[in-house]
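If you want the building blocks of each chain, they are given just below.
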Amino acid sequence: MSCTACAARIEKKLNRLDGVEASVNYATEKATVRVPEGTDHQVLLDAVAATGYSATLPQEHHGGAHDHTDGLHGAASMRRRALVSGVLSLPVLVLSMVPATQLPGWQWLALALATPVVTWGAWPFHRAAATNLRHGAATMDTLVSVGVGAAYLWSLWALLLGGAGHVGMRMEWSLTGGGAHEIYLEVAAVVTTFVLLGHYLEANAKRQSSAALRALLDLGAKDVAVLRDGLETRVPVDDVRVGDLFVVRPGETIATDGEVVEGASAVDESMLTGESVPVEVDEGRAVTGATVNVGGRLVVRATAVGADTRLAQMARLVEEAQEGKAEVQRLADRVAAWFVPAVIALAVATFAGWLLLGGTLTQAFVASVAVLIIACPCALGLATPTALMVGTGRGAQLGVLIKGPQVLESTRRIDTVVLDKTGTVTTGEMRVVDVRPVPGVDVGRLRALAAGVEHASEHPVARAVAALVDQPLPVQDFANHPGQGVSGVVDGSRVRAGRASWLGHDVAPVDVVGTTIAVEADGRLVGTVTVADTVRPTSRQAVADLRDLGLEPVLLTGDARRVADAVAAEVGIERVEAEVTPDDKLRAVQRLQAEGRVVAMVGDGVNDAAALAAADLGIAMGTGTDVAIAASDLTLVSGDLSAAVVAVRLSRATLRTIRTNLVWAFGYNVAALPLAVAGLLNPMIAGVAMAASSVLVVTNSLRLRRFD
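These figures come from a predicted structure and were not determined experimentally. (Residues numbered from 1 in each chain as written. Predicted model: local features only at pLDDT ≥ 70, side-chain atom pairs only at ≥ 80, totals over all residues. Heavy atoms only, no water.)

**Focus: the sheet that holds strand 16 (residues 485-490)**
Step number 1: Ordered by their spatial adjacency, six strands build an open sheet running 14-19-18-17-16-15, and the pairing between neighbours is antiparallel. In the strand order of this sheet, the two ends are held by strand 14 (426-437) and strand 15 (475-481), each with one partner. Neighbour-to-neighbour, the strand axes of the sheet open up by a mean angle of 20°, direction not taken into account.
Step number 2: One ladder, built from eight bridges, connects strand 14 with strand 19 (residues 524-535); its direction is antiparallel. Paired with D434 across the strands is T530, a residue of strand 19.
Step number 3: Sheet contacts for helix 17 (residues 443-454): strand 14, strand 15, strand 16, strand 17 (493-498), strand 18 (515-521) and strand 19; angle to strand 16, the most-contacted strand, approximately 110°. (Pairing = 2+ DSSP bridges. Helix = DSSP H or I, 4+ residues; strand = E, 2+ residues; numbered from the N terminus. Axes fitted to C-alpha atoms, helices over the stretch in contact; angles between N-to-C directions. Contact = heavy atoms within 4.5 Å.)

**Describing the sheet that holds strand 12 (residues 400-402)**
Step number 1: Within the open sheet, the seven strands sit side by side as 12-24-23-22-13-20-21. Their pairing is mixed. This sheet does not close on itself; its edge strands, each paired only once, are strand 12 and strand 21 (575-577). Along the sheet, successive strands turn relative to each other by an average axial angle of 20°, direction set aside.
Step number 2: Across three bridges, strand 12 lies against strand 24 (residues 634-636) in antiparallel orientation. By the bridge assignment, V400 is partnered in strand 24 with L636.

**Side note on the side chain of T427**
Step number 1: Position of T427 among the secondary structure elements: in strand 14.
Step number 2: The class of T427 is buried, set by a relative accessible area of 17%.
Step number 3: A polar atom in the side chain of T427 sits 3.3 Å from the backbone nitrogen of E429.
Step number 4: Contact partners of T427, with chain neighbours within four places excluded, come to D533, T534 and R536. (Buried < 20%, exposed > 50% of the residue type's maximum accessible area, 1.4 Å probe, protein only. Polar contact = N/O pair within 3.5 Å; in protein donor to acceptor, adjacent residues only side chain to side chain.)

**Concerning the packing of aromatic side chains**
Step number 1: Summed over the entire model, instances satisfying the criterion amount to three aromatic pairs.
Step number 2: Geometrically, the ring pair formed by W154 and W157 is tilted, given 5.4 Å between the ring centres and 40° between the ring planes. Taken together, the positions of W154 and W157, both in helix 6 (residues 140-160) and three residues apart, correspond to about one turn of that helix.
Step number 3: Among the residues examined, W154 registers a relative accessible area of 3% and is labelled buried. (Phe/Tyr/Trp six-rings, centres within 6.5 Å; stacked < 30°, edge-to-face > 60°.)

**Concerning the confidence of the model for the protein**
Step number 1: In this model, the protein carries a mean pLDDT of 83, and residues with pLDDT of at least 70 account for 85%.
Step number 2: Highest mean pLDDT in the protein belongs to helix 4 (residues 106-121) (95); lowest belongs to helix 11 (residues 331-334) (53).
Step number 3: The model gives residues 325-330 a pLDDT under 50, and that stretch makes 18 contacts with residues more than four places away or in other chains. (pLDDT = per-residue confidence, 0-100.)

**With respect to the packing of helix 20 (residues 539-548) against helix 21 (residues 561-571)**
Step number 1: Between helix 20 and helix 21, whose axes approach to 8 Å, the crossing angle comes to 70°. With respect to helix 21, the axis of helix 20 lies roughly perpendicular. Seen from helix 20, the contacting residues are S539, R540 and V543; seen from helix 21, they are A569, E570 and V571.
Step number 2: Here the residues of the contact of helix 20 with helix 21 are counted per class, giving three nonpolar, one polar and two charged. (Parallel < 35°, antiparallel > 145°, perpendicular 65-115°, else oblique. Nonpolar A, V, L, I, M, F, W, Y, C, P; charged D, E, K, R; others polar.)

**A closer look at helix 17**
Step number 1: Between the first and last C-alpha of helix 17 there are 16 Å, a value that for twelve residues agrees with the 16 Å anticipated at 1.5 Å per step.
Step number 2: Restricting attention to buried positions, one finds in helix 17 the residues L446, A448, L449, A450, A451, G452, V453 and E454.
Step number 3: The residue sitting at the N-terminus of helix 17 and contributing the capping side-chain oxygen is D442; that oxygen lies 2.9 Å from the backbone nitrogen of G444. (Expected span 1.5 Å × (residues − 1).)

**Observations concerning the pairing of strand 18**
Successive side chains on a regular strand alternate, one facing one side of the sheet and the next facing the other.
Step number 1: Of all seven residues in strand 18, five are buried, a share of seventy percent or more.
Step number 2: Where strand 17 meets strand 18, four bridges bridge the pair, whose relative direction is antiparallel. Directly across from V495, in strand 18, lies its bridge partner A521.
Step number 3: Pairing of strand 18 with strand 19 involves seven bridges; the strand directions are antiparallel. Bridge pairing links A518 to T528 in strand 19.

**Thoughts on the nonpolar core**
Step number 1: Counting 54 residues, the largest nonpolar core has W106, F125, I183, L185, F339, V343 and I374 as its most contacted members.
Step number 2: Residue assignment for this core shows that the elements contributing at least two residues are helix 3 (75-97), helix 4, helix 6, helix 7 (185-207), helix 12 (336-356), helix 13 (361-375) and helix 25 (642-677).
Step number 3: Examining the composition of this core, we find that ten residues originate from one element, helix 6, more than from any other.
Step number 4: V343 has contacts with L143, V371, L372 and A375, leaving out every residue within four places of it along the chain.
Step number 5: Among the nonpolar cores identified, the runner-up in size contains 46 residues, and L549, A644, V645 and L704 belong to it. (Core = buried A, V, L, I, M, F, W, Y, C linked by side-chain atoms within 4.5 Å.)

Here it is, written out as structure tokens:
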């Protein structure tokens, strides 16, 4: 498909079938179709083929979705064509517009340079126009093809038969009319180049649409140690079956969903819950594929494989959320249904009208060509991509990556911003927030003992405690007690650190929300150390700034209610939803949307991916996972929530620029058409005016470089 008009035509064709409900998404190149039971799917494929396109049935996949780099309208093809066409078009433009460069025979050099642009460069538009014609339809591709073809064929006729081919010919400038000796090769070449550039930018954005699924599915383990006949056998993860026993060593990714049958450990489930503290698991506890074992050795019985795992379900959530997004339609595509046929009809009517009113064949042809050229959507096609290029470039300088024009439209309308807690409002890293020795114990001694015994452990909480001192004391006889704590000999003392219940001591509650570790030396409690995920220093001001932009903040987290409430109070958020799963996060966003809210979601984890994709505006922290970044519309490189404020302001400024560009470009086309019909616009002047319109659009877009 080359534009949203293609998607609309396929959708219309499918919906004409009995009992079929279809929705075709141009961005993802997928059709979601509801059919009566027993329907032959080949009927659907035949309906698409009858519209002039081709389709295939989806295949169950374990990695990556469709890549938009193939085909005539793919990003790679458009980039190559745009580069070559640009190099060839520039000298054609200079030769045609600067009389001083028109040396003897210049017109034949211009023809040689323009011909590859008009044929090879514009081939995707010619082919699309031909396909549309066979099915009685027209799109902007049709207008580009006809306009470029008319300008080129007229020039070819003028060179061969109209007197423009003689050596020493120079273009005569006149505001009206135009003679058989004038050529318009620069119009054909430059229009082709500009439209190719716009299509490349669009195709490149489409190519990224499946990146979220690829990143999500790549999280899973590639192979696994399965226990068969008491022996470990390394097999591809796709060979695991329900009921198989497999081994997960410390640091390994759990291959698939299952139940622990042997061993105890801590499992990093942050991809599911967003909570940075690993969960303690032992026999009988369920574990999820793609989570990471950070503690001891586990033997797990597989309970779900393939498409039934939580990871696959999350991939489906992301895919469905992406496909359910409102279709992005640029103005050029929205008006194509009536504008393109109207312009072509107007050009034909102009030609006929001039002949009927006694005009010459040359006058009739010149006027009709002027109509096609002045209506060619050059400035219209540049309005969005140029502003987007400048806006995204400025955004990158400010640490904000914008993915496409639909993002800008979303920022204008959002009224609610949903904030993930861990890694977004907070740092996502465990840090010591309280060190409390018992009376008679020096705080330095407590720090030294705690850091010494914990630094031998890889547990995130242990690493935070180990950071209490620059050089932890050496530990001997170290032992890890999964789910309880650690022990060892530090500086001559037998030290244990972990749960107070495991140590058998009563510990006074700490007035800080976090995980409290009791520390014992030679059987005597020496104090407690509390670690927590701390709030980013800039979060409170960022929340206040978001309110100033008219957005209501909502805190959404898989963490415990008391932790969520404490963080919300610290940064000034009133509405809090805690202890939510990835599915719950998605439903929370959808619930807000059902209330009539336009929702922005800010997150950083795999567990946020589906919600980021479903939100009207997804904003990912650049310090987060590849899955979250791929599923989002905006990425904040710095990982600082305050960058979200800059992102919204920049997006709104870019959107205003795009709207100004569109109003000018479309208004210019409509206003100039009557002049062309009346023969008051020389096609060459029409070409100059078209170029001037494009320059104005580009200049207006460049103003975004000064955004601060």
